[in-house]
Amino acid sequence: MKRMLWLLAPLLLSAQTAVVEGDAVSAATGGPVAGLHVWLNDKPVLFAITDSAGHFRLADVATGSQFVNASGAGWLNHSAPINVESGRNGAGIKLRMLPEALISGKVEDESGWPVFQAQVMAVRYSLGNGWQQAGSVQTNDLGEYRLAKLPPGRYWLRVQPGSRADWDPRFTTTFYPGPPVAPDSPALSLVTGQQVSGLNIRLRKEEGRQVRGRVIWPAGIPAPAQPQTLRMQSAEPWNAYA
């Protein structure tokens with residue numbers, strides 16, 4: 001009896017798995033997309049690379065609800081739910097890939113010298129999710145940055161001075177094209193697949209401001225005997241990304 005179960009084990013196992021295959025195409029042109037990394041949220045992780053025809057094939061996939069994911073240079077990450085049925089070949093899956101938008105350029109100080117390790121962040125706003133960070137990179141030794149994998153939308157760039165602030169603390173955070181005071185503030189608009197290059201941002205110095213005042217405690221509440229510390233904090237929407 002044990003020998004019979006041992007012989008049947010491979011058959012029982014194969015009945016609980018399936019083959020998932022399909023094609024990755026450009027949503028813009030319909031042409032095949034080669035070189036994509038395609039995987040499932042299965043354990044162990046299964047993956048394949050799309051061939052020159054955009055085709056992929058994943059064998060021994062566990063049955064049930066899964067997500068098929070695709071990622072590759074020049075394309076936005078893609079994820080879609082699928083239902084894998086036992087013993088069936090899940091052919092005919094079509095992954096429609098959107099080309100990425102990207103922004104690249106340099107960060108310079110007020111004298112035109114490149115700024116190393118400046119933090120460049122792309123911030124966007126949507127009605128459903130509010131303010132979001134869409135990408136963040138550091139500049140290299142030439143002051144160059146490249147923000148990739150951006151979906152279409154309106155963007156603000158937030159640049160922190162990095163190592164330049166160690167030399168001169170007057171260098172402050174800079175925004176392009178300006179601070180996102182509200183969702184309708186002037187922004188950089190990108191369409192699907194648009195590539196904006198040569199967007200150079202120059203840091204500026206701020207001498208700072210001095211604020212003086214007096215704290216008045218509510219009636220009936222005694223003032224603290226010990227000195228109190230006051231701290232100013234930005235209430236602007238981008239403060240969440242500080």
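Small disclaimer: the values here were computed from a predicted structure and weren't measured.

### Here's the deal with the overall build of the protein
Turning to step 1, where the next piece is worked out: What the protein contains, in helices and strands, is 2 helices and 16 strands.
Turning to step 2, where the next piece is worked out: Counting the 242 residues in the protein, one finds 33% classified as buried.
Turning to step 3, where the next piece is worked out: Contacts spanning at least 24 positions in sequence make up 64% of the contacts within the protein whose residues lie at least 6 apart.
Turning to step 4, where the next piece is worked out: Accessible area for the protein stands at about 15,200 Å²; split by element, carbon and sulfur atoms hold 55% of it.

### Considering the pattern of salt bridges
Turning to step 1, where the next piece is worked out: Counted according to the given criterion, the structure contains 2 salt bridges.
Turning to step 2, where the next piece is worked out: For Arg 146, the salt bridge is made with Glu 100, and the minimal N-O distance between the two is 3.8 Å. Residue Arg 146 is located in strand 11 (residues 144-150), and its partner Glu 100 is located in the loop between strand 7 (89-97) and strand 8 (101-108); the two are separated by 46 residues in the primary sequence.
Turning to step 3, where the next piece is worked out: Judged by its relative accessible area of 6%, Glu 100 falls in the buried class.
Turning to step 4, where the next piece is worked out: The salt bridge involving Glu 108 is made with Arg 202; its shortest N-O contact spans 3.2 Å. You can see Glu 108 sitting in strand 8 and its partner Arg 202 sitting in strand 16 (residues 201-202), a full 94 residues away along the chain.
Turning to step 5, where the next piece is worked out: For Glu 108, a relative accessible area of 17% translates into the label buried.

### A few points about the nonpolar core
Turning to step 1, where the next piece is worked out: Core analysis: the biggest nonpolar cluster contains 21 residues, and Leu 36 and Leu 95 have the highest contact counts within it.
Turning to step 2, where the next piece is worked out: Secondary structure elements with two or more residues in this core: strand 1 (17-26), strand 2 (37-40), strand 4 (55-62), strand 5 (64-71), strand 6 (78-84) and strand 7.
Turning to step 3, where the next piece is worked out: Not counting the four nearest positions on each side in its chain, Leu 95 is found in contact with Asp 23, Ala 24, Val 25, Val 38, Phe 56, Val 68, Ala 70 and His 78.
Turning to step 4, where the next piece is worked out: Among the nonpolar cores identified, the runner-up in size contains 20 residues, and Ala 101, Val 120, Leu 188 and Val 196 belong to it.

### Quick look at the packing of aromatic side chains
Turning to step 1, where the next piece is worked out: Under the definition given, this model contains 2 aromatic pairs.
Turning to step 2, where the next piece is worked out: For the pair Trp 131 and Trp 156, a centre-to-centre distance of 5.3 Å together with 55 degrees between the ring planes defines the contact as tilted. Within this pair, whereas Trp 131 is found in strand 10 (residues 130-138), its partner Trp 156 is found in strand 12 (residues 153-160), the two being separated by 25 residues in sequence.
Turning to step 3, where the next piece is worked out: On the basis of relative accessibility, which here comes to 1%, the residue Trp 156 falls in the buried class.
Turning to step 4, where the next piece is worked out: Grouping aromatic residues by their ring pairs yields a cluster made of Tyr 125, Trp 131 and Trp 156.

### Description of the pairing of strand 2
Sheet faces and side chains relate simply in a regular strand, where the side chains alternate between the two faces.
Turning to step 1, where the next piece is worked out: Side chains Val 38 and Leu 40 project from strand 2 onto a buried face, and the interleaved His 37 and Trp 39 project onto a face without burial.
Turning to step 2, where the next piece is worked out: Of the strand pairs in this sheet, strand 2 and strand 3 (residues 47-49) are connected by 3 bridges, and their pairing is antiparallel. The partner of Trp 39 across the bridge, within strand 3, is Phe 47.
Turning to step 3, where the next piece is worked out: Here strand 2 runs beside strand 5; their pairing, made up of 4 bridges, is antiparallel. By the bridge assignment for strand 5, His 37 is matched with Ser 71.

### Here's the deal with the environment of Gly 31
Turning to step 1, where the next piece is worked out: Relative to the assigned elements, Gly 31 resides in the loop between strand 1 and strand 2.
Turning to step 2, where the next piece is worked out: When the C-alpha atoms of Gly 31 and Arg 96 are compared, they prove to be 9.8 Å apart, with 65 residues separating the residues in sequence.
Turning to step 3, where the next piece is worked out: The residues touching Gly 31, leaving out its near neighbours within four places in the chain, are Ala 24, Val 25 and Ser 26.

Scoring rules and cut-offs
- Residues numbered from 1 in each chain as written.
- Predicted model: local features only at pLDDT ≥ 70, side-chain atom pairs only at ≥ 80, totals over all residues.
- Heavy atoms only, no water.
- Helix = DSSP H or I, 4+ residues; strand = E, 2+ residues; numbered from the N terminus.
- Buried < 20%, exposed > 50% of the residue type's maximum accessible area, 1.4 Å probe, protein only.
- Contact = heavy atoms within 4.5 Å.
- Areas by Shrake-Rupley, 256 points an atom, 1.4 Å probe, with all protein chains shown as cover.
- Salt bridge = Lys/Arg side-chain N within 4 Å of Asp/Glu carboxyl O.
- Core = buried A, V, L, I, M, F, W, Y, C linked by side-chain atoms within 4.5 Å.
- Phe/Tyr/Trp six-rings, centres within 6.5 Å; stacked < 30°, edge-to-face > 60°.
- Pairing = 2+ DSSP bridges.

On their own, these measurements won't tell you what the molecule is for.
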